[in-house]
Amino acid sequence: KLVVWLEALGRREAEQGLALVGDSRFVLEQWGFRAVPELQLMNDKGQIAYCNTLRCLPAKVKDRNYPTGNDRTIAEKHCRQYDIIPPNIPILMLGEKAQQLWFREELLEEDKTDQRLGREIKGLMGRLGRVWERDNRKWIFGPHPAFIMRQPQLIEHLHAVLKITLSVLKGP
């Protein structure tokens, strides 16, 4: 029912082959979803999928070579697994890098407009909770859990984004 889209593989993600493991997942599930019980229930039922913008490791990471031959073909096919998300599934984009990948041009244009009008550039914090519609899909901007972990006083921002996400899921 919901896809949570993050930035990139961390060490633990690469080791386990899963997106969002470790401390960031703890923050999202224990500090975030618990504040919005409907999302906690969806997560408990496996109705929330997690993925990363960067789904493959770069050519070499800490002496781990990128696969070659048939292993490379299989790995790269696996890296495209999220390209087939149905358009009716909303995507909660956590972190500025994920947001910039998909909305770079729109965000740059918005920043230029703000500069031209003498306004402060919004950046990540000014875009939290924003819902974009593109290609019959709704995209919700939120903070990365690691950002909240480093600045726990901002947890209310994550809660607000998750409440907006729930309202998107429920529809008009």
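Summary of the structure given here. Along each chain, residues carry numbers from 1 onward, in the same order as the chain's sequence is written. Owing to the predicted nature of the model, reporting of local features is limited to residues with pLDDT of at least 70; listing and counting of side-chain atom pairs is limited to 80 or more, with chain, interface and lining totals taken over all residues. Side-chain descriptors were evaluated using all non-hydrogen atoms of the structure, hydrogens and water having been removed beforehand.

**So, helix α8 (residues 155-170)**
Working step 1: Note on conventions: DSSP H or I runs of at least 4 residues are helices, E runs of at least 2 residues are strands, and numbering of each starts at the N terminus. Here a helix's expected span is defined as the number of its residues, less one, multiplied by 1.5 Å. Taking 1.5 Å per residue, 16 residues should reach 22 Å; α8 reaches 23 Å between its end C-alpha atoms and fits that length.
Working step 2: For α8, every residue scored as buried is listed here: Ile-155, Leu-158, His-159, Val-161, Leu-162, Thr-165, Leu-166 and Val-168.
Working step 3: Residue Gly-171 follows α8 closely and has a positive phi angle near 80°. Remark: exposure states derive from per-residue accessible area (1.4 Å probe, protein chains only) relative to the maximum for the residue type, with buried under 20%, exposed over 50%, and partly exposed in between.

**A closer look at the pairing of strand β5 (residues 91-94)**
Working step 1: Here β5 shows a buried face lined by Ile-91 and Met-93 and a second buried face lined by Leu-92 and Leu-94.
Working step 2: Sheet topology note: the β5/strand β7 (residues 137-142) ladder contains four bridges and is parallel. Among the inter-strand pairings, Met-93 is bridged to a residue of β7, identified as Phe-141. For two strands to pair, DSSP has to find at least two bridges joining them.

**Quick look at the packing of aromatic side chains**
Working step 1: Each aromatic pair joins two rings of Phe, Tyr and Trp (for Trp, the six-membered one) with centres within 6.5 Å, and gets the label stacked for planes under 30 degrees apart, edge-to-face for over 60, and tilted for any other angle. Considering all chains together, one arrives at six aromatic pairs under this definition.
Working step 2: On the numbers, 5.4 Å between centres and 35° between planes, the contact of Trp-102 with Trp-139 is tilted. A residue pair is termed long-range when its members are at least 10 positions apart, and Trp-102 in helix α5 (residues 96-116) and Trp-139 in strand β7 qualify at 37 residues.
Working step 3: On the basis of relative accessible area, Trp-102 is assigned to the partly exposed category, the value being 31%.
Working step 4: By relative accessible area, which is 5% here, Trp-139 ends up buried.
Working step 5: With a centroid separation of 6.1 Å and 20° between ring planes, the pair formed by Trp-132 and Phe-141 is classed as stacked.

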